[in-house]
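Here are the chains, one letter per residue:
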Amino acid sequence: MRNSTGRVGRNDPCPCGSGLKYKKCCLGKEAPEPMDIGKLYLDRYRIRLKKPEDVEGIRKAGQLVMETLRMVGPQIKPGIKTDFINTLVHDFTLDHGGIPAPLNYKGFPKSVCVSVNEVICHGIPGERMLEEGDIVNVDVTTILNGYYADANMTFFAGEPGPDARKVTSVARRSLDEGLSMVRPGNTIGDIGWAIQKYAEGEGCSVVREYTGHGVGLDFHEAPQVPHYGRRGHGVPLAPGMVFTVEPMINLGDKALYILSDNWTAVTRDGSLSAQFEQTILVTEEGCESLTPY
Ligand code: MF3
Ligand code: CO
Ligand code: CO
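What comes next concerns the included structure. Model, not experiment: these values are computed from the prediction.

What counts as what
- Residues numbered from 1 in each chain as written.
- Chains lettered and ligands numbered in written order.
- Predicted model: local features only at pLDDT ≥ 70, side-chain atom pairs only at ≥ 80, totals over all residues.
- Heavy atoms only, no water.
- Phe/Tyr/Trp six-rings, centres within 6.5 Å; stacked < 30°, edge-to-face > 60°.
- Helix = DSSP H or I, 4+ residues; strand = E, 2+ residues; numbered from the N terminus.
- Buried < 20%, exposed > 50% of the residue type's maximum accessible area, 1.4 Å probe, protein only.
- Donors = N, O, S within 2.8 Å, 3.2 Å for Na, K, Ca; no water.
- Tetrahedral: all angles 85-135°; square planar, octahedral: opposite > 155°, others 65-115°.
- Pairing = 2+ DSSP bridges.
- Salt bridge = Lys/Arg side-chain N within 4 Å of Asp/Glu carboxyl O.
- Patch = residues over 30% accessible without salt bridge, like charges linked within 9 Å, V, L, I, M, F, W, Y side chains within 5 Å.
- Areas by Shrake-Rupley, 256 points an atom, 1.4 Å probe, with all protein chains shown as cover.
- Lys, Arg positive; Asp, Glu negative; His and termini not counted.
- Charge placed at Lys NZ, Arg CZ, Asp CG, Glu CD.
- Core = buried A, V, L, I, M, F, W, Y, C linked by side-chain atoms within 4.5 Å.
- Contact = heavy atoms within 4.5 Å.
- Near = heavy atom within 4 Å.
- Polar contact = N/O pair within 3.5 Å; in protein donor to acceptor, adjacent residues only side chain to side chain.

## Details of the packing of aromatic side chains
Right, so step 1: Throughout the structure, instances matching the rule amount to five aromatic pairs.
Right, so step 2: Each ring, one from Tyr-105 and one from Phe-219, has its centre 4.5 Å from the other, and the planes form 45 degrees; the classification is tilted. Separated by 114 residues along the polypeptide, Tyr-105 in the loop between strand 1 (99–100) and strand 2 (113–116) and Phe-219 in the loop between strand 7 (212–214) and strand 8 (221–225) bring together distant segments of the chain.
Right, so step 3: You can call Tyr-105 partly exposed: its relative accessible area is 23%.

Below, the structure written as structure tokens:
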């Protein structure tokens, strides 16, 4: 039954046939159920979109990670052992109420990864002494109030040579090329595509065996974020996603092998490798780094 406006009145019988008045039945219910994107991402991709309170917690963890990297940077010079960097990171983290996530993670024996020259990632701090011109990646992951943030930087010990400068500069810009793609409407594949295009265009190579990863409520969550790939492929980016972008860039070939400690990944050809990592939040407008340099 229609009123004079041609629309169903509030007190008219509901058009659904229930016999109830329209206002007691379907009024206001015709709009499709708003899609629960959180449930969709969890069911379809196993991705946990972060709530505002989660983001606040990850941001605080990220601030501690960045304070840690800023504390370590000036200490990196020829003549120190990589284990000294472990001591600095371990003590600083505990002093600020955090927990170093790497310690005992899947059996990792130290509190930070320190990867020198041809070491791509997961270097175990120890007796190796830094030498003039070494490139030194320090990868800090901190748990603060249950939230995880993960970031790394490649530093120079003393004055770098041209090869060291080149691979470090390409790795640094590779991170920014990846981040330039992070916004709703783009996909995970766009990030890797941009990194690969840039880094290979510079004559460097992109490591395939390790990827960025969801982070925040745990050390490694879905999705994986490859640093190579195809435009438009992979999971569509949605606000509330938090993941790392952490391209590992080799001056020579991308092939690697793992030392008998079962952690240290080194370039097969012995060439230099550099990396920069940040923890990134996808926002409505684009992205925000929760570990800004
Ligand atoms: N921080 C590294 C990453 O970026 C992971 C290190 S795992 C460890 O994902 F066990 F080596 F610490
Ligand atoms: Co990471
Ligand atoms: Co890391």
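## Things to note about the coordination of the cobalt ion (ligand 2)
Right, so step 1: Every protein donor of the cobalt ion (ligand 2) is accounted for by Asp-150 (OD), His-213 (NE2), Glu-246 (OE) and Glu-277 (OE), and the metal-donor separations fall at 2.0 to 2.2 Å.
Right, so step 2: Geometry at the cobalt ion (ligand 2) is irregular, judged from the six donor atoms that bind it and their angles of 51 to 163 degrees at the metal.
Right, so step 3: Along the chain, the residues donating to the cobalt ion (ligand 2) are arranged with the sequence spacing D-x62-H-x32-E-x30-E.
Right, so step 4: A distance of 3.2 Å spans the gap from the cobalt ion (ligand 2) to the cobalt ion (ligand 3), which Asp-150 bridges by coordinating each metal. Of the two residues, His-213 sits in strand 7 while Glu-246 sits in the loop between strand 9 (242–245) and strand 10 (248–250), which places them 33 residues apart along the sequence. The burial state of His-213 is the same as that of Glu-246; both residues are buried.

## Remarks on the sheet that holds strand 6 (residues 205–206)
Right, so step 1: Spatial strand order, 6-10-13: three strands in an open sheet with antiparallel pairing. The open sheet has two free edges, formed respectively by strand 6 and strand 13 (273–275), since each of these has just one partner strand.
Right, so step 2: As paired elements, strand 6 and strand 10 share two bridges and run antiparallel to each other. Note that in strand 10 the partner of Ser-205 across the bridge is Asn-250.

## Observations concerning the coordination of the cobalt ion (ligand 3)
Right, so step 1: Coordination sphere of the cobalt ion (ligand 3), protein contribution only: Asp-139 (OD), Asp-139 (OD), Asp-150 (OD) and Glu-277 (OE), at 2.1 to 2.4 Å.
Right, so step 2: Its six donor atoms give the cobalt ion (ligand 3) angles of 57 to 171 degrees at the centre, a pattern that matches the irregular case.
Right, so step 3: Between consecutive donor residues of the cobalt ion (ligand 3), the sequence gaps follow D-x10-D-x126-E.

## Thoughts on the pattern of salt bridges
Right, so step 1: Scanning the model with the defined rule gives 15 salt bridges in all.
Right, so step 2: Note that Lys-50 and Glu-221 form a salt bridge whose closest N and O atoms lie 2.8 Å from each other. Of this pair, Lys-50 sits in the loop between helix 1 (37–45) and helix 2 (52–72) while Glu-221 sits in strand 8; the two residues are 171 residues apart in sequence, bridging distant segments of the chain. Taken as a pair, Lys-50 and Glu-221 share a single burial class, namely buried.
Right, so step 3: Between Arg-128 and Glu-118 there is a salt bridge, and its shortest N-O distance comes to 3.5 Å.

## What to know about a positive patch on the surface
Right, so step 1: A contiguous patch of positive charge on the surface is contributed by Arg-10, Lys-21, Lys-23 and Lys-24.
Right, so step 2: Mapped onto the secondary structure, Arg-10 falls in the segment before helix 1.
Right, so step 3: Judged by its relative accessible area of 53%, Arg-10 is exposed.

## Focus on the nonpolar core
Right, so step 1: The biggest cluster of nonpolar side chains holds 36 residues, and the ones touching the most others in it are Leu-69, Ile-76, Ile-85, Leu-130, Val-136 and Val-138.
Right, so step 2: Sorting the residues of this core by element identifies helix 2, helix 3 (82–95), strand 2, strand 4 (135–144) and strand 5 (147–156) as the ones contributing at least two each.
Right, so step 3: Ranked by the residues each element gives to this core, the list is headed by helix 2, at nine residues.
Right, so step 4: If we skip the residues at most four places from it in the chain, Leu-130 touches Ile-76, Lys-77, Pro-78, Gly-79, Ile-80, Thr-82, Ile-85, Val-116, Val-136 and Ala-157.
Right, so step 5: Counting 33 residues, the second largest nonpolar core, distinct from the first, contains Ile-135, Ile-188, Val-206 and Phe-276.

## Quick look at the site of ligand 1
Right, so step 1: Around ligand 1 sit 14 residues, and of these Asp-139, His-213, His-220, Glu-246 and Glu-277 come closest.
Right, so step 2: Between an oxygen atom of ligand 1 and a side-chain N or O atom of Asp-150, the distance comes to 3.0 Å.
Right, so step 3: Contacts to ligand 1 include His-220, whose side-chain N or O atom sits 2.9 Å from an oxygen atom.

## A short note on the side chain of Asp-134
Right, so step 1: With respect to the helices and strands, the residue Asp-134 is situated in the loop between strand 3 (119–121) and strand 4.
Right, so step 2: There is no salt bridge for the buried Asp-134, and the closest opposite charge comes from Arg-128, which lies 5.1 Å off by N-O distance.
Right, so step 3: Of the polar contacts made by the side chain of Asp-134, one reaches the side chain of Asn-117; its length is 2.8 Å.
Right, so step 4: Here the side chain of Asp-134 touches Glu-131 through a polar contact of 2.8 Å, landing on its backbone nitrogen.
Right, so step 5: Ignoring any residue separated from it by four or fewer positions in sequence, one finds Asp-134 in contact with Val-116, Asn-117, Met-129, Phe-155, Phe-156 and Ala-157.

## Description of the side chain of Ser-174
Right, so step 1: Of note, Ser-174 is situated in helix 4 (residues 162–179).
Right, so step 2: Discounting chain neighbours no more than four positions away, the residues touching Ser-174 are Ile-195, Tyr-198, Ala-199, Pro-247 and Ile-249.

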